[in-house]
Amino acid sequence: MENATERMTEGADAVTAAFDHDGEGRPGEHLSRRLERLAQAPHERTTVGDVAVALQDRSFGAFLLIFALPNLVPAPPGATLVLGLPLAVVAWQMIASPHGRVVLPRWLGDYGVARSTFEKIVEKLVPSLRVAERLFGPRYWFLGSRFSERILGLYVLLLALVVILPIPLGNWPPAFALAIIGFAHSERDGLGVLIGCLVGVVALLLAGFVVLTAGAIIALVF
């Protein structure tokens, strides 16, 4: 099963594998810098698998951030069912992945864009990322073991399920909490992760309040 689904360093091209070797073990390197180095890599296309390889041990947080952002934009009813599922997948991998990083299906890992297109995407993202990086940075990191990361994964999975559920006004707060947790995780910011978890608690309480209130109203009507 692993051979059919894994799209990390195995099967990656030589350029991506070289980036993996070079990128690993650079403490304090910001997410924006990793993306810039990937954009500068000499290959014609940049795939989702290349991004995963470049992020490596920070891929859980980065993909949480990537998949949380669309849920912060107003969308038609029911859209969170589709937009929230990737969050649940990443959360599950935080719990179950033996690699300590995101493992992608080959069909998704091979999806990519031209290098010039990726360069433009990174160029637009980097200024916003650098503003956020002034607030987040390596400090108080407490997720150095797979056990602690799996515990966080359980909490992230709970928030992801709330994002998926059709709760009026209940999807945006947990998605916002996941975006904070994801970015803080990618920056190795333990304090930021804790802040995101606290925002998540508020989001869960709000979602619970909405559900209980809706249930009480329905009970009164019927």
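Scroll up to find the structure this text is about.
Conventions adopted
Every chain begins its residue count from 1, and numbering advances along the sequence as written. Local features in a predicted model are, by the rule used here, given only for residues with pLDDT of at least 70; side-chain atom pairs are given and counted only at 80 or more, and totals for whole chains, interfaces and linings are based on all residues. The basis for the side-chain values is all heavy atoms of the structure; hydrogens and waters are excluded. Strands are runs of DSSP state E lasting at least 2 residues, helices are runs of H or I lasting at least 4, and numbering of each runs from the N terminus. Working definition: with a 1.4 Å probe on protein chains only, accessible area under 20% of the residue-type maximum means buried, over 50% means exposed, and in between means partly exposed. It only takes one pair of heavy atoms within 4.5 Å for two residues to be counted as in contact. The way it works is a 1 Å grid over only the protein atoms, where trapped points that fit a 1.4 Å probe form a cavity and open points with protein on both sides within 12 Å along at least five of seven lines form a pocket, and then any residue with an atom within 4 Å of a point lines it. Grid points are joined across faces, edges and corners, and a volume is the space filled by probe spheres set on the points. Under the grouping applied here, Gly and all other residues not named as nonpolar or charged are polar, the nonpolar ones being Ala, Val, Leu, Ile, Met, Phe, Trp, Tyr, Cys and Pro and the charged ones Asp, Glu, Lys and Arg. In this description, a nonpolar core means a group of buried Ala, Val, Leu, Ile, Met, Phe, Trp, Tyr and Cys residues linked to one another through side-chain atoms lying within 4.5 Å. Axes are fitted to the seven residues ending at a residue and to the seven starting at it; the angle between these axes is taken as the bend at that residue. Here the expected length of a helix is defined as 1.5 Å per residue gap, with one fewer gap than residues. The pairing test for Phe, Tyr and Trp rings, Trp by its six-membered ring, is centres within 6.5 Å, and the orientation test on the planes gives stacked under 30 degrees, edge-to-face over 60, and tilted for anything in between. Only one rule defines a salt bridge in this text: a Lys or Arg side-chain nitrogen within 4 Å of an Asp or Glu carboxyl oxygen.

Our focus in this paragraph is the overall build of the chain. Helix and strand counts for the chain come out as eleven helices and two strands. Its helices and strands in sequence order give the chain the pattern α-α-α-β-α-α-α-α-β-α-α-α-α, from N to C terminus. Burial analysis of the chain (222 residues in total) assigns 48% to the buried set. Considering only residue pairs separated by 6 or more positions, the chain has 77% of its internal contacts joining residues 24 or more positions apart.

Bringing the layout of surface pockets into the picture now. Here the largest pocket defines a volume of roughly 1100 Å³. Lining of the largest pocket is provided by 40 residues; of these, A62, L65, I66, F67 and L125 occupy positions nearest its centre. Taken together, the residues of the lining of the largest pocket break down into 34 nonpolar, five polar and one charged. Space inside the second largest pocket adds up to approximately 330 Å³. Lining of the second largest pocket is provided by 19 residues; of these, A75, P76, T80, I167 and N171 occupy positions nearest its centre. Here the lining of the second largest pocket is composed, by residue class, of 14 nonpolar, five polar and no charged.

We now examine the nonpolar core. The tendency in soluble globular proteins is for nonpolar side chains to be buried side by side. With 47 residues, the main nonpolar core has L31, F63, L87, L152, V156, L178 and I181 as its most contacted residues. Beyond its immediate sequence surroundings of up to four residues, L31 is in contact with L55, A62, L65, L129, E133, F183, S186 and E187.

Let's shift gears to helix 8 (residues 115–133). For an α-helix the count is 3.6 residues per turn, leaving residues at separations of three or four pointing the same way. Maximal helix bending in helix 8 amounts to about 35 degrees, located at V126; proline P127 follows within four positions. Listed in full, the buried residues belonging to helix 8 are F118, V122, V126, L129 and E133. The secondary structure elements touched by the buried residues of helix 8 are helix 3 (31–39), strand 1 (45–47), helix 4 (48–55), strand 2 (112–114) and helix 10 (172–186).

So, on to the side chain of R188. Inspection of the secondary structure assignment puts R188 in the loop between helix 10 and helix 11 (190–221). Beyond its immediate stretch of four places on either side in the chain, R188 contacts D57, R58, G137, P138, R139 and W141.

What follows deals with helix 6 (residues 79–96). If you check helix 6, its first and last C-alpha atoms are 26 Å apart, about what 18 residues at 1.5 Å a residue would give, namely 26 Å. Its axis deflected by about 30 degrees at L85, helix 6 carries its strongest bend there, up to four residues before the proline P86. Every buried residue belonging to helix 6 is among A79, T80, G84, L87, A88, V90, A91, Q93, M94 and I95, and all of these are buried.

Counting across every chain of the model gives three aromatic pairs. Each ring, one from F63 and one from F67, has its centre 5.9 Å from the other, and the planes form 35 degrees; the classification is tilted. Taken together, the positions of F63 and F67, both in helix 5 (residues 59–68) and four residues apart, correspond to about one turn of that helix. With relative accessibility at 4%, the residue F63 sits in the buried group. Note on F67: relative accessible area 24%, which makes it partly exposed. Relative to F176, the ring of W172 lies with its centre 5.2 Å away and its plane at 10 degrees, an arrangement referred to as stacked. In this pair, W172 and F176 both sit in helix 10, four residues apart, roughly one turn of the helix. We classify W172 as partly exposed; its relative accessible area is 44%. You can call F176 partly exposed: its relative accessible area is 34%.

With that settled, the discussion passes to the pattern of salt bridges. Applying the stated criterion across every chain yields a total of four salt bridges. Between R130 and E36 there is a salt bridge, and its shortest N-O distance comes to 2.8 Å. One end of the pair, R130, is in helix 8; the other, E36, is in helix 3, and 94 residues separate them in sequence. In this structure, R139 engages D189 in a salt bridge whose closest nitrogen and oxygen atoms are separated by 2.8 Å. Here the residue R139 occupies a position in the loop between helix 8 and helix 9 (146–164), and D189 occupies one in the loop between helix 10 and helix 11, the gap between them amounting to 50 residues. Its relative accessible area of 0% is what places D189 among the buried residues. Linked through salt bridges whose partners overlap, the residues forming this network are R33, E36 and R130.

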